[in-house]
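Chain residues, written in single-letter form:
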Amino acid sequence: MARRKNKNFTLPVTIVVPFVLSLICSGLFIMILRTFFSRYPYFNVSKVSVRGIEEGGLFEFKRSLLGKNIFSYGFTNLKKQVEEAGGGIVCVSIERRLPGELLFTLRKRVTVAQIKFFRFHPVDESGMLMPGASDIAYEGLPVIFGLESKTQKGNLEKYYSVSEARNALTLIQQKNNSPLLRNYVITKINLRKQKMSSFFIIENSHEPLPPLVNNSFSRQEVEVKFDPQKPTETINVLGLLLEKRKNMPEVSLSRQDSLCNIEYIDLTNTNSPIVLEKKEIKRSM
C-alpha cells in the first residue's frame, strides 16, 4: 500500500522569529509612546475653554483641570463633572486641542414638561429629571402622568423609565414644531399600562396655561387617545385632522374655536382617525 503523504505544515523558524520580534517591538514602542504622552509636561492642560454658554459659574471647575496631563482625563467622567459643576447644563462634546487645551461645548437644559410622581418634577427635552421638585404643579408646563408605578422610596432616578418619558416628550416637541398645531396647547399626558393612553389639548389663547387643580385645568380640554409608541405619526395626523375640520362647511365653527363640540379624538389607529362629537355624532375623518 502506498504511504500517505504527511500534510502537516510547519512554519520555518526564519519566518516565526522575525514576526514575534516585530510584535514585541511594536508593543514596546506603543508603551513608550503612551508613557511619553501621559507624562511629558508639554501635554499638561494650560487652557480650558467653554463654548455655548456663559462660563462664569465654571471658574472653579476650570481651574481644577489646569496643570494635569490632557490624556489623563476620561471624557465620561469629565462630562459628569462639568454638568454637576454647572448645574442645569448639558455637555454636548469635549475636545482635546493639543498640546494643552480642553474645549467643552455646553448648552443650557430647557424644561419642556413636568412629570407627576409623588411630586411634580421638571424634565428637560432629553428626558432627564431636573432639580426643583414641587408639591404644586408648575404653571405653563404639560404634566405627564402614568409613571407613578415606576417609583419607589429612595433614588428616584433608579426607578424612572426615561424611554417611556421620551415618547411623551417627543409628542410635545413634535406638537410645538407643527405649524398646523400652533393654536393648540398640550396640557397633560396620561400614559396608562393596561388602558388606553391619551393626552389633552386646549385652544391656545396666548395666555399662560391655567393652574392644575385636581388633575384638571379650568379651560375646556379635549382628550386625544393615542399609541405612545407613535408620537410623531400621532401629531402629524392630528394636525391634518384639525386643519381639515376647520374647512368643513357642515361644521359651524370659527377657525379659533375648532375644538368646540368635540367629545374626544381617537388616534390609536392613525390610519383611521375618529372624532366623536358631543351630540353623539361619530364622524370618521
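Up top is the structure.
Scoring rules and cut-offs
- Residues numbered from 1 in each chain as written.
- Predicted model: local features only at pLDDT ≥ 70, side-chain atom pairs only at ≥ 80, totals over all residues.
- Heavy atoms only, no water.
- Pairing = 2+ DSSP bridges.
- Helix = DSSP H or I, 4+ residues; strand = E, 2+ residues; numbered from the N terminus.
- Axes fitted to C-alpha atoms, helices over the stretch in contact; angles between N-to-C directions.
- Core = buried A, V, L, I, M, F, W, Y, C linked by side-chain atoms within 4.5 Å.
- Buried < 20%, exposed > 50% of the residue type's maximum accessible area, 1.4 Å probe, protein only.
- Contact = heavy atoms within 4.5 Å.

## Let's talk about the sheet that holds strand E2 (residues 89-97)
- Read from one edge of the open sheet, three strands run E1-E3-E2, paired in mixed fashion. Edge strands, defined here as strands with exactly one partner in the open sheet, are strand E1 (47-51) and E2. Averaged over all pairs of adjacent strands, the angle between their axes in this sheet comes to 20°, without regard to strand direction.
- When E1 meets strand E3 (residues 101-108), the two strands line up parallel, connected through five bridges. Looking at the pairing, Val48 lines up with Leu102 of E3.

## Re the nonpolar core
- With 34 residues, the main nonpolar core has Ile115, Ile189, Phe199, Ile201, Leu238 and Ile265 as its most contacted residues.
- Listed by contribution, the elements that provide at least two residues to this core are strand E4 (111-116), helix H4 (162-177), strand E7 (184-190), strand E8 (198-203), strand E11 (222-226), helix H5 (231-246) and strand E12 (262-267).
- Apart from residues no more than four positions distant in its own chain, Ile189 is found in contact with Val143, Ile144, Phe145, Ala168, Leu171, Ile172, Ser198, Phe199 and Phe226.
- The next biggest cluster of nonpolar side chains, apart from the first, holds 18 residues, and it includes Ile70, Leu78, Val82 and Ile94.

## A short note on the pairing of strand E5 (residues 120-124)
- Where burial is concerned, most of E5 is hidden: five out of the five residues are buried.
- Side-chain alternation along E5 places Phe120, Pro122 and Asp124 on one buried face and His121 and Val123 on a second face that is also buried.
- Where E4 folds back onto E5 in an antiparallel hairpin, the turn is made up of three residues.

Limitation: the analysis is restricted to geometry and does not speak to function.
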